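Below, each chain spelled out in residue letters.
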Amino acid sequence: MLQNTGKLAGRTLFITGASRGIGKAIALKAAKDGANIVIAAKTAEPHPKLPGTIYTAAEEVEMAGGVALPCVVDIRDEQQVGEAVLKAVEKFGGIDILVNNASAISLTGTLQTPLKRVDLMLGINLRGTYLTSKLCIPHLLKSRSPHILNLSPPLNLNPIWFKNHTAYTMAKYGMSMCVLGMAEEFREQIAINALWPRTAIQTAAMDMLGGDGVGKQCRKVDIVADAAYVILSQPTSYTGHFLLDEDILREHGVNDFEPYAIQPGHPLLPDFFLDEASETLTQKTEQHGATPASTPPSSASAPPSRPIESTFDVIRGIINADLVRSTQGVYQFDLSGEHGGVWFLDLKSGSGSAGCGQPSDKADVVMSMDSADFSKMFSGQLRPTLAFMSGKLKIKGDMTLAIKLEKLMNSMNKAKL
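Remember, it's a predicted structure, so these values are computed and weren't measured experimentally. (Residues numbered from 1 in each chain as written. Predicted model: local features only at pLDDT ≥ 70, side-chain atom pairs only at ≥ 80, totals over all residues. Heavy atoms only, no water.)

> How should I be thinking about the packing of aromatic side chains in this particular structure?
Each pair of aromatic rings is reported with the distance of its centres and the angle of its planes. One pass over the structure, following the stated rule, counts 12 aromatic pairs. Following the ring pairs from residue to residue traces out a cluster consisting of Trp161, Phe162, Tyr168, Tyr173, Trp196, Phe272 and Phe273. Sitting above the plane of the Tyr229 ring, Lys29 keeps its charged end 5.3 Å from the centroid. (Phe/Tyr/Trp six-rings, centres within 6.5 Å; stacked < 30°, edge-to-face > 60°. Lys NZ or Arg CZ within 6 Å of the ring centre and 35° of its normal.)

> What exactly am I supposed to notice about unusual backbone geometry here?
If a residue is not glycine, its phi is most likely negative; likewise, a peptide bond is most likely trans. In this structure, Phe273 takes a positive phi of about 75° despite not being glycine. By secondary structure assignment, the location of Phe273 is in the loop between helix H8 (245–251) and helix H9 (275–287). The phi dihedral of Gln328 falls on the positive side, at around 55°, and the residue is not glycine. On the basis of relative accessible area, Gln328 is assigned to the partly exposed category, the value being 39%. (Helix = DSSP H or I, 4+ residues; strand = E, 2+ residues; numbered from the N terminus. Buried < 20%, exposed > 50% of the residue type's maximum accessible area, 1.4 Å probe, protein only.)

> Before we go on, may I ask you to explain the nonpolar core in this structure?
Across soluble globular proteins, nonpolar side chains show a tendency to be buried alongside one another. Ranked by internal contacts, the top residues of the largest apolar core, which has 75 residues, are Phe14, Phe333 and Leu345. In this structure, Phe333 is in contact with Phe312, Gly341, Val342, Trp343, Phe344, Leu345, Met367, Phe374, Phe378 and Leu405, ignoring residues within four places of it in sequence. (Core = buried A, V, L, I, M, F, W, Y, C linked by side-chain atoms within 4.5 Å. Contact = heavy atoms within 4.5 Å.)

> How should the packing of helix H4 (residues 115–140) against helix H5 (residues 166–185) be read in this particular structure?
In helix packing, the relevant descriptors are the interaxial angle and the interaxial distance, both defined with respect to the helix axes. Contact geometry for H4 and H5: axes closest at 7 Å, N-to-C directions at 15°. With respect to H5, the element H4 is oriented roughly parallel. Like other packed secondary-structure pairs, H4 and H5 cross with a definite hand, here right-handed. Across from Val118, Met121, Leu122, Asn125, Leu126, Thr129, Tyr130, Ser133 and Ile137 in H4, the residues of H5 making contact are Ala167, Tyr168, Ala171, Lys172, Gly174, Met175, Cys178 and Met182. (Axes fitted to C-alpha atoms, helices over the stretch in contact; angles between N-to-C directions. Parallel < 35°, antiparallel > 145°, perpendicular 65-115°, else oblique. Left-handed = near helix turned anticlockwise from the far one by under 90°.)

> Would you explain helix H3 (residues 78–92) in this entry?
Along an α-helix, residues three or four apart share an orientation, since each turn contains 3.6 residues. Under the 1.5 Å per step criterion, the end-to-end length of H3 is 21 Å for 15 residues, consistent within 8% with the ideal 21 Å. Among all positions in H3, only Val81, Ala84, Val85, Ala88 and Phe92 are buried. Buried residues of H3 fall within an arc of 100° about the axis and therefore sit on the same side. What points out from H3, more than 90 degrees from its buried face, is the exposed set Gln79 and Glu90. Against strand S1 (12–16), strand S2 (36–41), strand S3 (67–72) and H4 lie the buried residues of H3. Gly93 sits one or two positions beyond H3 and adopts a positive phi of about 85°. (Expected span 1.5 Å × (residues − 1). Arc of directions from axis to C-beta.)

> Is there a simple way to explain the sheet that holds strand S5 (residues 147–151) in this structure?
Strand pairing within a sheet occurs via backbone hydrogen bonds; the two strands may be parallel or antiparallel. The sheet built from seven strands is open, its strands ordered S3-S2-S1-S4-S5-S6-S7 with parallel pairing. The open sheet has two edge strands with one neighbour each: S3 and strand S7 (242–244). Sheet twist, expressed as the mean angle between neighbouring strand axes with direction ignored, is 20°. With five bridges joining them, S5 and strand S6 (residues 191–196) adopt parallel strand pairing. Bridged to Ile148 within S6 is Ile192. Taken strand by strand, helix H2 (residues 54–64) contacts S2 and S3, and its axis lies near 170° from that of S3. Contacts from H5 reach strand S4 (97–100), S5, S6 and S7 within the one sheet, and its direction differs from that of S6 by about 150°. (Pairing = 2+ DSSP bridges.)

> Is there a simple way to think about the pattern of salt bridges in this case?
Taken as a whole and judged by the stated rule, the model has 10 salt bridges. Note that Glu184 is salt-bridged to Arg187, the shortest N-O span being 3.0 Å. Of the residues examined, Glu184 reaches a relative accessible area of 52% and is grouped as exposed. Residue Glu246 is joined to Arg219 by a salt bridge in which the shortest nitrogen-to-oxygen separation is 2.8 Å. With a gap of 27 residues between them, Glu246 in helix H8 and Arg219 in the loop between helix H6 (204–210) and helix H7 (222–232) connect regions that are remote in the sequence. Assessed through its relative accessible area of 6%, Arg219 is described here as buried. (Salt bridge = Lys/Arg side-chain N within 4 Å of Asp/Glu carboxyl O.)

> I would appreciate a short explanation of the side chain of Asn156 in the present structure.
With respect to the element layout, Asn156 can be found in the loop between S5 and H5. Excluding residues within four positions of it along the chain, Asn156 makes contact with Trp161, Phe162, Tyr173, Phe273, Leu274 and Asp275.

The following block contains the structure:
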């Protein structure tokens, strides 16, 4: 891991979404140098599902050696952002670094994404980043070494990164477009760059998206914090770059990345928006038993005569009233390939039911995939996260319910399908 050099001592960092996750990790890394940290985030009271508040983060910053200023900020609210900026200037005398970290995510298709969710993602990711930058820039221009760092991906127009979640991609790319434009607009005045992880990072958002067991496929937030530290230690002339955490750390002498892994030695899940990740994800899904996208099943390895029926036999043996009460969702599976067809799983009424055909009630979640992958996914041979991120599994509807289904898959794996 990267050692601190003291280069951020006395600097003032304004970090959005710093109450947890990557934002807090960057704050703590800078705090070790004795930096001033403005924790600009919404969480003032403990959240029932998410860890940390602006006040608990402030305590950690102070314990690490920094000076903290917790501010309740919804970055969609111009008045709240403006007041937090003024508080930072009054307390610390100015702002040297802005880290635009706050973000919202919904990996849903166009018809499955409510406009309220679209507005949330565009409001936080794009408008919030633009607004916070706009209000901080007058103060950054007075700093001796000003920086803006956006936690956003390279601008990659490969359609694979749009087709399953167009709204999220537009919103996230909005943050990157701020880098592209502002870096040129303020060249030689402010260093403005983007940072993105090469692999999945274990955060509360990732746990919600990936479900149980996704953590061992991730790296710790520390790798992003270390990479951010390197970037923020550069001169103002270092600007306009779209950087990956692993690449920037390699350039600065870090060659051992195992300490960053949640489970050292375990294969890592590549992050979104990287073409190499798309190829790697496809390889990983096939290594974990998925059917190649354009390769027909060979007769030598043909599945049993009743593979889907057999899977649902096990499903029916596992579902019960308790599972129905804890899930409250109806699933539809649109299967293609050799054993194609429509199947359903009702975990909303009675003691649950499952079988062939359309569900009697409208499905809350529709999953589309190759029939050869379906049984493997339910038996634990194929990770749903890998299948989804590579495009082999398409999900329409309630993503939270889709994640709940992974618990049933884990039960089936124990049943040794």
